[in-house]
Every structure is written in C-alpha cells, then in structure tokens.
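Close look at the chain arrangement
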Amino acid sequence: MHPVAVTLLFLIVIDEVLAGALDRVQNRGLLWQPIRMEDLNDLDFADDIVLFSQRGNDIQNKLDDLAACSTAAGLKVNVSKTKSMVVNTERAQGFTVAGENVEKVDTFQYLGSQIAPDGGTKL
C-alpha cells in the first residue's frame, strides 16, 4: 500500500476512535466559549493527542473510553508515552490506562509549545 494511503487510513481510524471515545458523554471537556459554548475535549495532530477536562474523573473516564475504542479498532495506547499534567488544581490520585499508571509531569511540550502547570505556555 502506498505510504500516503497508509497515513490517510490511520488518520481516518484515529478520528473515528476519538469520536467514539470522546463523544459518548457530553460536558466532559473545558467550556470553550469562542465556539458556541461547546466543550473542548481534545487537541489531536496525527497520533499526538491532548485530552482536556475540568474534572479529574472525566479525564479518567476519557482514558478508559479511549483505550476501549482503540482496542476495538486494533490499536493500543502506548502508556510509556502517555503523560498527565494537572493545571490550576490538585489531584492526589493519578491516572491509569488499561490498569497501567500514567506518568505525572510538571510541564510538557505539545507541537513546539511548552505547557506549564499554571496554564501558561512558552514557545
């Protein structure tokens, strides 16, 4: 199969996985006022995905749904590459994917921008 076709097929599958995982329950994201008061659930670029929520339990539920939908599509979340960061709040309990602990980080980089624990960014 041509590399462009493989890439396109992957993007179609990952889009369906995300739609299945994140659209199951409404109001699990961040209130995103610029877009008609809808929730911002995620940012995704190829296989780089950021999940958002105002509540820690919602993130855990999204992770569970993402793992289940990924498995159903023949994919697996790579827990060693998965990170969690809590912004402007405390969460004593960590997150898991398929029973494996997700590493907590204080900052992380997403598509060239460093995200800080106070919600700020550095380019």
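Residues numbered from 1 in each chain as written. Predicted model: local features only at pLDDT ≥ 70, side-chain atom pairs only at ≥ 80, totals over all residues. Heavy atoms only, no water.

The subject of this paragraph is the overall build of the protein chain. Within the protein chain one finds two helices and 11 strands. Moving toward the C terminus, one meets the helices and strands of the protein chain in the order α-β-β-β-β-α-β-β-β-β-β-β-β. Its C-alpha atoms give the protein chain a radius of gyration of 15 Å, near enough to 14 Å, the size a compact globule of 123 residues would have. Expressed along its principal axes, the backbone C-alpha trace of the protein chain runs to roughly 45 × 35 × 30 Å. For the protein chain, buried positions account for 28% of its 123 residues. For the protein chain, the proportion of contacts with a sequence separation of at least 24, taken over those separated by at least 6, is 44%. (Helix = DSSP H or I, 4+ residues; strand = E, 2+ residues; numbered from the N terminus. Rg over C-alpha atoms; globule rule 2.2 N^0.38 Å. Buried < 20%, exposed > 50% of the residue type's maximum accessible area, 1.4 Å probe, protein only. Contact = heavy atoms within 4.5 Å.)

This part takes up unusual backbone geometry. A positive phi angle, near 50 degrees, is found at Ala 98, a position not held by glycine. Along the chain, Ala 98 falls in the loop between strand 6 (96-97) and strand 7 (100-101). For Leu 111, which is not glycine, the phi torsion reads 50 degrees and is therefore positive. Tracing the backbone through its elements, the reader meets Leu 111 in the loop between strand 9 (108-110) and strand 10 (113-115).

Time to look at the pairing of strand 4 (residues 48-51). Examined bridge by bridge, strand 3 (residues 42-45) and strand 4 share four bridges and lie antiparallel to one another. If you follow Leu 43 over to strand 4, its bridge partner there is Val 50. Taking the residues between adjacent antiparallel strands as the criterion, strand 3 and strand 4 are bridged by two residues, where Ala 46 takes a positive phi near 55 degrees. (Pairing = 2+ DSSP bridges.)

Let us now look at the nonpolar core. Counting residues in each nonpolar core, the largest one holds 14 residues, and the members touching the most others are Leu 63 and Val 97. Top contributing element to this core by residue count: helix 2 (residues 56-72), with five residues. The residues touching Leu 63, leaving out its near neighbours within four places in the chain, are Leu 51, Phe 95, Thr 96 and Val 97. (Core = buried A, V, L, I, M, F, W, Y, C linked by side-chain atoms within 4.5 Å.)

Okay, the packing of helix 1 (residues 3-22) against helix 2 next. For any two helices packed against each other, the geometry comes down to the angle between their axes and how far apart the axes lie. In the contact formed by helix 1 and helix 2, the axes pass within 8 Å of each other and the chain directions differ by 140 degrees. By the angle class used here, helix 1 and helix 2 are oblique. Judged by the sense of rotation from one axis to the other, the crossing of helix 1 with helix 2 is right-handed. Together, Val 17, Leu 18, Gly 20, Ala 21 and Leu 22 of helix 1 and Lys 62, Asp 65, Leu 66, Cys 69 and Ser 70 of helix 2 make up the contact between the two elements. Grouping the amino acids of the contact of helix 1 with helix 2 by side-chain chemistry returns six nonpolar, two polar and two charged. (Axes fitted to C-alpha atoms, helices over the stretch in contact; angles between N-to-C directions. Parallel < 35°, antiparallel > 145°, perpendicular 65-115°, else oblique. Left-handed = near helix turned anticlockwise from the far one by under 90°. Nonpolar A, V, L, I, M, F, W, Y, C, P; charged D, E, K, R; others polar.)

Taken in spatial order, the three strands line up as 9-10-11 in an open sheet, and their pairing is antiparallel. The open sheet has two edge strands, strand 9 and strand 11 (121-122), and neither has a second partner. As judged from the two bridges shared by strand 10 and strand 11, these two strands associate in the antiparallel manner. Bridge pairing in strand 11 places Gln 114 opposite Lys 122.

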